[in-house]
Each structure stands twice: as C-alpha cells, then as structure tokens.
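# Coordinates in review
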Amino acid sequence: MRYTKTEQGNIVYIRDQYYIVNDLTCKLLNMYYEKKHISEIANELKIDEVEVQCLYQKISDMIIEDQSYDEEIKFLQPLKVQWKITNRCNLQCKHCYEGEKCVEQLSDAQIQSIFQKLLDSNILNLTITGGEALLVDNLAKYVSQCLEKGIMVNIFTNGIMLDNFIEQLGDVKNGNLLTFEVSVDGAQEEHDYIRGKGNYQKTIANIKCAIQKGYKIITNTVVNGITKNSLVSMMKELHAIGVVSIQLSNLMLKGWAKEHENELFISRNELANVYREICENIDFDFYYADISNDVYHLDKKGETRKEGKNTWKCCAGDARITIDFNGDVLICPQFPKYILGNINQLTLLEIWNNPLKKDYINYLRNLNKDKQTCFVYDLNFSK
C-alpha cells in the first residue's frame, strides 16, 4: 500500500477513493497488505489481539460507509504523474488531436533518470502515454521497477506492439497494478479506416493475449462521425473477449482531427442519439463522457449514475502533473507554454513548489469559470 502526505494528513487510495488517515491507520493498512497475522501485528504494536481486531473493524467501517474525502486536497507533492514519454508514433490516425509531430525524444539516460526520480518519490499512480509509449526502449524494465515499488501504472497504447511488450515484461511482481488502456475506434471497417488497414485484427489479437496473461484491459473509443454507427457491435465484441471496462470519450477537434473535420464532426444531438442507442442495446457496464464531459457509469441493470462530483470543475494542478516528451513539466497538457520546470534539471518537489504554479492554476480556472466542461471542448460543437 502506498500513501502520500497532504496538509490535511495522510492520504491513502482504496477502491478508487481517497481517505485521510492517521499514522497508526497507515501502519495497520500496510501490515494488512503485507498479510501479517493478527498476533504478529499485536506484538509489533504492543497491544492485545482484541484491540487490533477492533482497529481493523473501524477501518472496514470507514470504507464500507464510504467516509472518503471529497473536498479539495492540498497535496505536498504530486499524487499522480502523467508522462508523455515520447511523441513518436507508429500510426497516423485521422482523429489524432496532435497531428504532425516532431520525432524528438529524450535520450535513454535521461528517461532512466526521470524514472529514478519517480521511483524515489511518493507518487501513487503513473500514467505513461505518447505518441506510442511502447516504442520506448527498455520501457518494460522501468515499468517492472515501478510495479515492484507498488506504484500503479497505466499505459496508453494503440495495442500494435502490446504482445512484444508483455513478453519483455516476463514474470513481473505486482502485475495486478498494471493496466493497459487500448484505443479501439469502432468495428473493424471503421477502426482500419481511421488507423490503417489490418490494425484492428492486430489490436484485438493483442488485447486477447494480454487478457490471457492476466492483465487488465480498458479500451477507449472516440465517438465521432465515423465510429458512431458501429459502437454497439464493437462494444459487444470487446465485452465478449474479456475487456473489463469500455470507455467512450469525446472528439477533440485539433491536429489531424481538424483536417478531417467533415468526416469526424458530430453534433450535440447526434451524440445524444448515439448514447441513447447504446443504452438501449448494451446490457453490461460501460463508461461514457457526455457533452458536458461529466463521466457516467451505466450498469447491467440499466441504471445510470454520475461518477465523482456532480459539478464539473477544472482540477489542473490539484494532484497531478504532466511530463512532456522533452522533460518539461506542465499542470495541464493542453497548455505547454505554462511550464513549471524541466524534470531533467529540477527535483519533483522543486517543480511542485514552483511559486508560479498557483498563478497558472488560477488562470486556467478563470478560463473555465461557469463552464460545464473544459473550454477546450467547446470548440468541438462550434460547427
């Protein structure tokens, strides 16, 4: 179990919720995850076994009763890091919001140095993205080191190289902490039209390979004018092969997506109809972002609930930072000009405590003031 310090106290992350706990509770949770016997715990804490059982009952009640912390948490260091480890990619997808990229990438030594800084920190979650993250040499070795330390790792990938990456990982410790988020854009015809002929079969085969190896696979699909009519059949196939979570997200009209706007654009009414059709034809859980960018969960009973807070707000800089492909650290990946520092030159804490961070956060939140979604998404429905 991993935790981090905040101005309010220790924060632990259990079942997708944050809990503020004291030092004793942190110690008890650590012992629980280490599978220590009650007698061993009692001896170490110098209390009797009955008292130990009572303490664990209180922790259990806290979780069951969902006494999670939902106010703004003031983290003393980043809780999550998103790392755009490369901007190189092996595909040229029509809906990519980045478009043409340079092919620069940090050296192997620089990438290794950044991983070491993350390993020496107290982060709980690392998201690795690109470009195509699996193009990075020795990535499997670094991911293994993160997992061994107990850091949850999410890797975004198009899935083309997933089988090779899993082979490089081999028998990894704490493999349950690793999740692959794989892009699947519609059924075979639509996916191959967007991502290139033959890529659908490669991606699906590699998803099956990962699932057979025991890894958790989440898929993400951008809902747009090309994918909108094939989502139901796609979702049924993904569910049948064992994908644990199917996510639908909104189009961002930037980069190559802007160049293919005539094909990709989807109106608010069309988007609402797409979700209505899916809800009427899918009988298993899935997640989707509506036009306000709130995230909803539809369960197999047909009941829909909003995940997280009822009102969207900009949370840039609260708990997460983004490392760009050149080492620059941003509070929001959509604003590369607001740099907190370069991870190759400064420590994580120096970057996190940059006095300019507060000004950048306030600027972004003023842009989003009174909005239902990030102002970046407003452009998507301007046609």
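Quick summary incoming for the structure in this document. (Residues numbered from 1 in each chain as written. Predicted model: local features only at pLDDT ≥ 70, side-chain atom pairs only at ≥ 80, totals over all residues. Heavy atoms only, no water.)

## Things to note about the overall build of the protein
Counting its secondary structure elements, the protein contains 15 helices and 15 strands. Scored against the burial criterion, the 383 residues of the protein give a buried share of 50%. As displayed, the protein has an accessible area near 19,300 Å², and 46% of this comes from carbon and sulfur atoms. (Helix = DSSP H or I, 4+ residues; strand = E, 2+ residues; numbered from the N terminus. Buried < 20%, exposed > 50% of the residue type's maximum accessible area, 1.4 Å probe, protein only. Areas by Shrake-Rupley, 256 points an atom, 1.4 Å probe, with all protein chains shown as cover.)

## Side note on the pairing of strand β7 (residues 178–183)
By the criterion of burial, β7 is predominantly enclosed, with five of the six residues buried. Here five bridges tie strand β6 (residues 152–157) to β7, and the two strands are oriented parallel to one another. In the strand pairing of β7, F156 is matched with E181. Handedness of the β6-helix α6 (residues 162–169)-β7 crossover: right-handed. One ladder, built from five bridges, connects β7 with strand β8 (residues 216–223); its direction is parallel. Note on β8: the bridge partner recorded for S183 is N220. (Pairing = 2+ DSSP bridges. Right-handed = clockwise from strand over helix to strand, strands pointing away.)

## Details of the environment of Q188
The topology assignment puts Q188 in helix α7 (residues 188–195). Along the primary structure Q188 and S230 are separated by 42 residues, whereas in three dimensions their C-alpha atoms are 9.0 Å apart. Those residues within four positions of Q188 in sequence are excluded, and the remaining contacts are Y200 and Q201. (Contact = heavy atoms within 4.5 Å.)

## Thoughts on the side chain of H95
Among the secondary structure elements, H95 is positioned in the loop between β4 (80–84) and α4 (108–120). Its relative accessible area of 8% is what places H95 among the buried residues. Not counting the four nearest positions on each side in its chain, H95 is found in contact with D185, I194, R195, V222, N224, L251, A257 and L264.

## Structural notes on the packing of aromatic side chains
Remark: the centre distance and the inter-plane angle together describe each pair of aromatic rings, the angle taken between the planes. Applying the stated criterion to the full structure yields eight aromatic pairs. Geometrically, the ring pair formed by W83 and F115 is tilted, given 4.8 Å between the ring centres and 55° between the ring planes. Highlighted residues: W83 in strand β4 and F115 in helix α4, separated in sequence by 32 residues. Each member of the pair, W83 as well as F115, carries the same accessibility label: buried. Directly above the ring of Y193 sits K94, whose terminal nitrogen or CZ lies 4.7 Å from the centroid. Across the ring face of W352, the terminal group of K357 is positioned such that the distance to the ring centre comes to 3.4 Å. (Phe/Tyr/Trp six-rings, centres within 6.5 Å; stacked < 30°, edge-to-face > 60°. Lys NZ or Arg CZ within 6 Å of the ring centre and 35° of its normal.)

## So, unusual backbone geometry
Following G130, the chain continues into G131 via a peptide bond in cis, with omega recorded as 20°. Relative to the helices and strands, G131 is located in the loop between β5 (125–129) and α5 (139–149). Backbone geometry at K46 places phi at a positive 60°, although glycine is not the residue there. Mapped onto the elements of the fold, K46 is located in the loop between α2 (38–45) and α3 (49–64). Classification of K46 as exposed rests on a relative accessible area of 74%.

## Some points on α6
Two residues of an α-helix separated by three or four positions point the same way, owing to the 3.6 residues in each turn. Every buried residue of α6 is listed here: L162, F165, I166 and L169. Buried residues in α6, looked at end-on, bunch into an arc of 100°, giving them a common side. In this structure, α6 carries E167 and Q168 as exposed residues pointing more than 90 degrees from its buried face. The inward-facing, buried residues of α6 contact α5, β6, β7, α8 (199–212) and β8. Following α6 by one or two positions, G170 has its phi on the positive side, about 65°. (Arc of directions from axis to C-beta.)

## Some points on α2
For α2, the full list of buried residues reads I41, A42 and L45. Seen along its axis, α2 keeps its buried residues to an arc of 100°; they face one direction. Where α2 ends, the next residue or the one after it, K46, has phi of about 60°, a positive value.

## A word on the packing of helix α1 (residues 23–33) against α2
Between α1 and α2, whose axes approach to 11 Å, the crossing angle comes to 145°. For α1 against α2, the interelement crossing comes out right-handed. Counted together, L24, K27, L28 and M31 of α1 and I41, E44 and L45 of α2 form the full contact between these two elements. Residue classes in the contact of α1 with α2 are distributed as five nonpolar, no polar and two charged. (Axes fitted to C-alpha atoms, helices over the stretch in contact; angles between N-to-C directions. Left-handed = near helix turned anticlockwise from the far one by under 90°. Nonpolar A, V, L, I, M, F, W, Y, C, P; charged D, E, K, R; others polar.)

## A look at the environment of T4
Examined against the element boundaries, T4 turns out to sit in strand β1 (residues 3–6). Sequence separation of T4 and L124 is 120 residues, and the distance between their C-alpha atoms is 7.7 Å. Apart from the residues within four sequence positions on either side, T4 is in contact with G9, N10, I11, F75, Q77, L79 and N122.

## What about the packing of α5 against α6?
Running from N to C, α5 and α6 cross one another at 55°; their axes reach a closest spacing of 9 Å. Judged by the angle between their axes, α5 and α6 are oblique. The two elements α5 and α6 cross, and the hand of that crossing is right-handed. Packed against α5, whose contacting residues are L139, A140, V143 and S144, the element α6 presents F165, Q168 and L169 at the interface. Here the contact of α5 with α6 is composed, by residue class, of five nonpolar, two polar and no charged. (Parallel < 35°, antiparallel > 145°, perpendicular 65-115°, else oblique.)

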